[in-house]
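Residue-level listing of the chains:
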Amino acid sequence: SDAVTNYIQGLLYQYPNTLRKLSNHNVLLSSKIDYNRVNILSGGGSGHEPSHAGYISAVVGGMLTGAILGGIFASPSVSSILAAIRAVTKPNNDGKGGCLLVVKNYTGDRLNFGRACELANGEGRNCAMVVVADDAALPREKGITGARGVAGTVFVHKVAGALASAGHDLDTVVQG
């Protein structure tokens, strides 16, 4: 949609030397990617700004390596998520680096990020996914689909980003 395109263009104008966009995908990445450390990706439907693109390490130190933006309140596609994973990892990298996907507890996000993670691991890329399911606005009786993981996701970005920046391996960052 135009809103998502305009948001991406605005961030690229604001941070011309620190962000880059993947061709043919609504994916923003830090312009500096270290394949020997864990890179953190997150994303989801647009309309929650500044999530997630506003939390890229190039903009806010020690958080995300990149963000995958879906349409307004719609999950990004598996192909865009997989393209982002490929951009921040190398296959068969001797256990170095890898990618952590931080995903909010929305059905579409869980499905699409989960499938992209499986495909990336099938290519020999070291990829893991964590689902954030906090939600103070909904009662626990609502079940697993109720807690959406909105506010707590920012804290997960920060902790995972700090651990990755400190050079910890993927398993340690996941346990964070």
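The structure reproduced in this document is the subject of the present report. Every value quoted in this text rests on a predicted model; they were computed, and no experiment measured them. (Residues numbered from 1 in each chain as written. Predicted model: local features only at pLDDT ≥ 70, side-chain atom pairs only at ≥ 80, totals over all residues. Heavy atoms only, no water.)

### Looking at the overall build of the protein
Formally: For helices the rule is a DSSP run of H or I covering at least 4 residues; for strands it is a run of E covering at least 2, with both sets numbered from the N terminus onward. Per-residue and other accessible areas follow the Shrake-Rupley method at a 1.4 Å probe size, with only the shown protein chains counted as cover for residues.
Assigned secondary structure in the protein consists of 5 helices and 6 strands. Its helices and strands taken in sequence order, the protein reads α-β-β-β-β-α-β-α-β-α-α from the N to the C terminus. When the accessible surface of the protein is summed, it comes to about 8,300 Å², and 52% of that surface belongs to carbon and sulfur atoms.

### Observations regarding the sheet that holds strand β1 (residues 19–21)
Going by this rule: Pairing between strands requires that DSSP locate at least two bridges from one strand to the other. Between the N-to-C directions of two axes lies an angle of 0 to 180 degrees, each axis being a line fitted to C-alpha atoms and, for a helix, fitted only over the stretch in contact.
Spatial ordering of the open sheet is given by β1-β2-β4-β3-β5-β6, a layout of 6 strands whose pairing is mixed. Single-partner strands in this sheet number two, and they are β1 and β6 (127–132). Strand-to-strand twist in this sheet, taken as the mean axis angle between neighbours without regard to direction, amounts to 20 degrees. Bridge analysis of strand β3 (residues 38–46) against strand β5 (residues 98–104) gives 5 bridges, and the strand direction is parallel.

### Comments concerning unusual backbone geometry
Among all residues except glycine, the phi angle is most often negative; among peptide bonds, the trans geometry is most common. Our working definition: In this scheme, a residue with accessible area under 20% of its type's maximum is buried, one over 50% is exposed, and one in between is partly exposed, where area comes from a 1.4 Å probe on protein chains only.
Backbone geometry places N24, a non-glycine residue, at a positive phi of 65 degrees. When you line up the elements, N24 lands in the loop between β1 and β2 (27–30). Under the relative-accessibility criterion, N24 is labelled exposed at 76%. In the Ramachandran plot, F73 falls in the positive-phi region, its phi being about 55 degrees despite a non-glycine side chain.

### Considering the nonpolar core
If you look at soluble globular proteins, the nonpolar side chains tend to sit buried side by side. For the record, the criterion: As used here, the term nonpolar core means buried Ala, Val, Leu, Ile, Met, Phe, Trp, Tyr and Cys residues forming a set that is joined through side-chain atoms within 4.5 Å. Note on definitions: a residue-residue contact is assigned when non-hydrogen atoms from the two residues lie within 4.5 Å.
Core analysis: the biggest nonpolar cluster contains 21 residues, and L29, L41, I68, I85, C99, L101 and C127 have the highest contact counts within it. Among the secondary structure elements, those contributing two or more residues to this core are β2, α2 (78–88), β5 and α3 (107–122). With 7 residues, α2 is the largest single contributor of residues to this core. Discounting residues that sit within four places of it in the chain, C99 has contacts with N39, L41, I85, V88, T89, N126, C127, A128 and L170. In this structure, M63, L64, A160 and L163 belong to the second largest nonpolar core, which totals 15 residues.

### Digging into the pattern of salt bridges
Inclusion rule: Criterion for a salt bridge: a side-chain nitrogen of Lys or Arg within 4 Å of a carboxyl oxygen of Asp or Glu.
Per the counting criterion, the structure on display carries 3 salt bridges. Between E123 and R86 there is a salt bridge, with the nearest N and O atoms lying 2.4 Å from each other. Of this pair, E123 sits in the loop between α3 and β6 while R86 sits in helix α2, and the two are 37 residues apart along the sequence. When its relative accessible area of 28% is taken as the criterion, E123 is described as partly exposed. Judged by its relative accessible area of 40%, R86 falls in the partly exposed class. Among the salt bridges present, the one from E123 reaches R125, with a minimum N-O distance of 2.8 Å. Shared partners join several salt bridges into a network, and the residues in it are R86, E123 and R125.

### Examining the packing of α2 against α3
Note the cut-off: Any angle that falls under 35 degrees is termed roughly parallel, while one over 145 is termed roughly antiparallel, one within 65 to 115 roughly perpendicular, and all others oblique. Note: crossing handedness is left-handed where the near helix turns anticlockwise from the far helix by less than a right angle, and right-handed where it turns clockwise. The nonpolar class holds Ala, Val, Leu, Ile, Met, Phe, Trp, Tyr, Cys and Pro. Asp, Glu, Lys and Arg form the charged class, and all remaining residues, Gly among them, are polar.
In contact at an axis separation of 8 Å, α2 and α3 are set at 45 degrees when each is read in the N-to-C sense. Of the possible angle classes, the one that applies to α2 and α3 is oblique. Handedness of the crossing formed by α2 with α3: right-handed. In this structure, α2 uses V78, I81, L82 and I85 to contact α3, whose residues at the interface are N112, F113, R115, A116, C117, L119 and A120. Of the residues belonging to the contact of α2 with α3, the class tally is 9 nonpolar, 1 polar and 1 charged.

### A short note on helix α4 (residues 152–165)
Worth spelling out the cut-off: Multiplying 1.5 Å by the residue count of a helix minus one yields the expected span of that helix. This arc is taken over the directions from the axis of the helix to the C-beta atoms.
Compared with an ideal rise of 1.5 Å per residue, which puts 14 residues at 20 Å, α4 spans 20 Å between its outermost C-alpha atoms and is within 8% of the ideal. What α4 keeps buried is the set G152, T153, H157, A160, G161, L163 and A164. Along the axis of α4, the buried positions cluster into a sector of 165 degrees, meaning they face one direction only. Those residues of α4 that are buried are in contact with β3, β5, β6 and α5 (170–175). Directly after α4, the chain includes G167, whose backbone phi takes a positive value near 90 degrees.

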